[in-house]
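Residues per chain are reported as follows:
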Amino acid sequence: MADTAATENVVSVRPLVETRSIASALGELPAAEEIKCIAIHGCVAFIGTRLGSLLQVDHNGSQVVTIWSNSSQVCAVSLDREGCFCACGLSNGRVAVVPVPPRGTGDPWICEHGSLPVISVALCPDYTLPGSENHSVCTGGEDSRLLLHRRGLFNGHAQLHEGEGFVTKICWRSPLIAWANEKGVKIYNASTGQKVTFIPRPPNCVGGVSSRCTLAWARDERLLVGWGTVVKVAALLRKPLGGGNDGSGAHSSLYVEVWNQFSCPEHIAGLADAGSGNLAVLTSDVSGRRATFSLCSSRGEVFHILEMPCFQGCAPGKLHLGSVAPHLPLFISAPRELAVLQIRDLLEHAVQLLEAGQHDEAIRLADGGGDSVQGLRHIVCLKCVAQDLRSGSFERACTTIGRFRELEASTWQECIMQFDRFGGLQYLAVNIPVPPRSTRLPQEVYDDALGRLVAFPSALVAVLSWWPSDIFSVGK
């Protein structure tokens, strides 16, 4: 009976990342058919196949629709912002911009890239808007050329780059076009016609299609770059040129800086924006023995790992990760496998972990992924120390606080008040961060602590002897 009661009191916690396979939706495809590329709009995946089809699959896997087909392999796909048109890079050197019913109408626009396969493509995000500058598609191929095609009365193209190896990936976020070749990642401003920056390929990273670069624009104007085992997080910035300060960008130039770089234990097959400044990373070992989906901070601090056994046997070049926004489903594809993942709200998940008594998991989540989630570290910290404070286990409570990185001033102020309430402030006082070895907190936090430490003279004397005198005002 006791065991039954204990079982009933266990609080179940839903996974942070919920995943399910929808490969059964592909069961009616020919045995020789394979997924070669994927693009996402909303909760729908658009899939390019080996036998030349463009398929549309919803996130439940309940409906598979053939949007378009031809006799050449679809090597790359890209959608406009509205999901009305899909560009397909083909193995015969052509590009087809196909309308997606019911919103997209008209005939496919077919343009010539060259004689070799088009292995990367990016449709202008504003393709549905009027103007030839929007009716554009950027293509890259095994001929080492990057072309910008414009649809109009006289269809034509401009060559943006050539001669540095296969153009393996293109990612367009107006007005910037980022692309990768065997030298590195370059960014072109389609509005001004100027090159913005160059991010070199990491050392000891082989080039070619088998080790393609992964690119993704995050919603907060960051460019995510994955190559080999290395992830680079670059920020899009504006440099004032003078003559205006209205913030419109008319008197500023765009440039990119790499803010963070870290290495993964295995090769990167996909990157996506996971929200709140965090990243979703899909990795696989070279032999394909295992595939892993991870969530980490922009500094590479992993706070969640999910093994993906359904993708065993797939080398990195065979896997694809598609995402359009952190709150919407992600899709992972392999030649004959398709899975949907949904990342839950971090704060909601942390609260559930705390209710289930899984404090270690909650701390790992808050400390690794909580940089930009307002209140996450605050709530987890206070909940984790509450029981120790009530039981008088002040040293253990201090150890718990020490597990968090860079707690906010408001959290320290609340901790000071709670430790004082339970008679243990003298234990916390020596753990409060002070410069130069730690971050400096606002003066009122130190003043509050010193004011409350009057009841503990020995602790007060101790902190006054080693706290820098310019961080507090009490006694001055």
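Residues numbered from 1 in each chain as written. Predicted model: local features only at pLDDT ≥ 70, side-chain atom pairs only at ≥ 80, totals over all residues. Heavy atoms only, no water.

A. Highlighting the sheet that holds strand S11 (residues 136-141). One open sheet accounts for four strands, arranged S10-S11-S12-S13; its pairing is antiparallel. The sheet is open, and its two borders are formed by strand S10 (118-123) and strand S13 (156-162), each paired with just one other strand. Ignoring strand direction, the axes of neighbouring strands in this sheet form an average angle of 20 degrees. For S10 and S11, the ladder comprises five bridges, and the chain directions are antiparallel. Bridge pairing in S11 links leucine 123 to valine 137. (Pairing = 2+ DSSP bridges. Helix = DSSP H or I, 4+ residues; strand = E, 2+ residues; numbered from the N terminus. Axes fitted to C-alpha atoms, helices over the stretch in contact; angles between N-to-C directions.)

B. Quick peek at unusual backbone geometry. Omega for the peptide link from proline 101 to proline 102 comes to 5 degrees, which places this bond in the cis form. Phi angles above zero are rare outside glycine, and glutamate 406 is one such case at about 55 degrees.

C. Spotlight on the packing of aromatic side chains. The tally for this structure, following the rule as stated, stands at five aromatic pairs. On the basis of an interplanar angle of 75 degrees and a centroid distance of 5.3 Å, the ring pair of tyrosine 446 and tryptophan 467 is categorised as edge-to-face. Note that tyrosine 446 is positioned in helix H8 (residues 443-452) and tryptophan 467 in the segment after helix H9 (457-466), a separation of 21 residues in sequence. Each member of the pair tyrosine 446 and tryptophan 467 is classed as buried. Ring pairs connect the aromatic residues Phe394, Phe419 and Tyr427, which therefore count as one cluster. (Phe/Tyr/Trp six-rings, centres within 6.5 Å; stacked < 30°, edge-to-face > 60°. Buried < 20%, exposed > 50% of the residue type's maximum accessible area, 1.4 Å probe, protein only.)

D. Structural detail: H8. Three or more residues of H8 are buried, namely Val445, Tyr446, Asp447, Ala449 and Leu450. Along its buried surface, H8 packs onto helix H6 (409-421), helix H7 (425-429) and H9. (Contact = heavy atoms within 4.5 Å.)

E. Summary view of the pattern of salt bridges. Considering all chains together, one arrives at 21 salt bridges under this definition. Notably, a salt bridge pairs glutamate 348 with arginine 344, separated by 3.0 Å at the nearest N-O pair. Arginine 396 is the partner of aspartate 388 in a salt bridge, and the nearest nitrogen-oxygen pair spans 3.1 Å. On the accessibility criterion, arginine 396 (52% relative accessible area) is exposed. Among the charged side chains, a salt-bridge network with shared partners connects Arg299, Glu301, Asp367, Asp371, Arg377 and Arg405. (Salt bridge = Lys/Arg side-chain N within 4 Å of Asp/Glu carboxyl O.)

F. Layout of the environment of leucine 353. Structurally, the position occupied by leucine 353 is in helix H2 (residues 346-355). For the pair leucine 353 and lysine 239, spaced 114 residues apart in the sequence, the C-alpha separation amounts to 44 Å. Here leucine 353 is in contact with Val13, Gln358, Glu361, Ala362 and Leu365, once residues within four sequence places are set aside.

G. Molecular detail of the pairing of strand S8 (residues 94-99). With five of six residues buried, S8 lies mostly within the body of the structure. Direction of pairing for strand S7 (residues 85-90) relative to S8: antiparallel, over a ladder of five bridges. Bridge assignment links phenylalanine 85 to a residue of S8, and that residue is proline 99. Count of turn residues in the S7/S8 antiparallel hairpin: three residues, of which glycine 93 carries a positive phi of about 90 degrees. Pairing analysis gives four bridges linking S8 to strand S9 (residues 109-112), with the strands arranged antiparallel. Bridge pairing links valine 95 to cysteine 111 in S9.

H. Looking closely at the sheet that holds S7. Pairing is antiparallel in the open sheet, where four strands are placed in the order S6-S7-S8-S9. On the outer flanks of this sheet lie strand S6 (74-79) and S9, each paired with one strand and no other. Strand-to-strand twist of the sheet, defined as the mean angle between neighbouring strand axes without regard to direction, takes the value 20 degrees.

I. Structural context of the pairing of strand S25 (residues 302-307). Summarising the sheet, strand S24 (residues 291-296) and S25 pair through five bridges and their orientation is antiparallel. Looking at the pairing, leucine 295 lines up with histidine 304 of S25. Hairpin connection between S24 and S25: a loop of five residues separates the two successive antiparallel strands, and glycine 300 in this loop has a positive phi of roughly 90 degrees.

J. Representation of the nonpolar core within the structure. In this structure, Phe293, Val380, Leu428 and Trp467 are the most contacted members of the largest nonpolar core, which totals 67 residues. With seven residues, the single largest contributor to this core is helix H4 (residues 376-391). The residues contacting tryptophan 467, other than those within four sequence positions of it, are Ala429, Ile432, Val434, Tyr446, Ala449, Leu450 and Phe472. (Core = buried A, V, L, I, M, F, W, Y, C linked by side-chain atoms within 4.5 Å.)

K. Here's a closer look at the confidence of the model for the protein. Put simply, the protein has an average pLDDT of 90, and 93% of its residues get 70 or more. Low pLDDT, under 50, characterises residues 244-251; the stretch is placed with seven contacts to residues that sit more than four places away or in other chains. (pLDDT = per-residue confidence, 0-100.)

L. Just the state of the cysteines, in detail. Overall, the coordinates contain zero disulfides when judged by the stated rule. Here cysteine 264 stays free of any disulfide, with the sulfur of cysteine 296 as its closest cysteine sulfur at 6.6 Å. According to the relative accessible area criterion, cysteine 264 is buried, its value standing at 13%. Free cysteine cysteine 415: the closest other cysteine sulfur is in cysteine 381, separated by 4.1 Å. (Disulfide = S-S within 2.5 Å.)

M. Broad picture of the packing of helix H3 (residues 359-369) against H4. Axis separation between H3 and H4 bottoms out at 9 Å; the angle between their running directions is 155 degrees. In terms of axis orientation, H3 runs roughly antiparallel to H4. Both H3 and H4 take part in a crossing whose hand is left-handed. In contact with His359, Ala362, Ile363, Leu365, Ala366, Asp367 and Gly369 of H3, H4 contributes Leu376, Arg377, Val380, Lys383 and Cys384. Counted by class, the contact of H3 with H4 contains seven nonpolar, two polar and three charged residues. (Parallel < 35°, antiparallel > 145°, perpendicular 65-115°, else oblique. Left-handed = near helix turned anticlockwise from the far one by under 90°. Nonpolar A, V, L, I, M, F, W, Y, C, P; charged D, E, K, R; others polar.)

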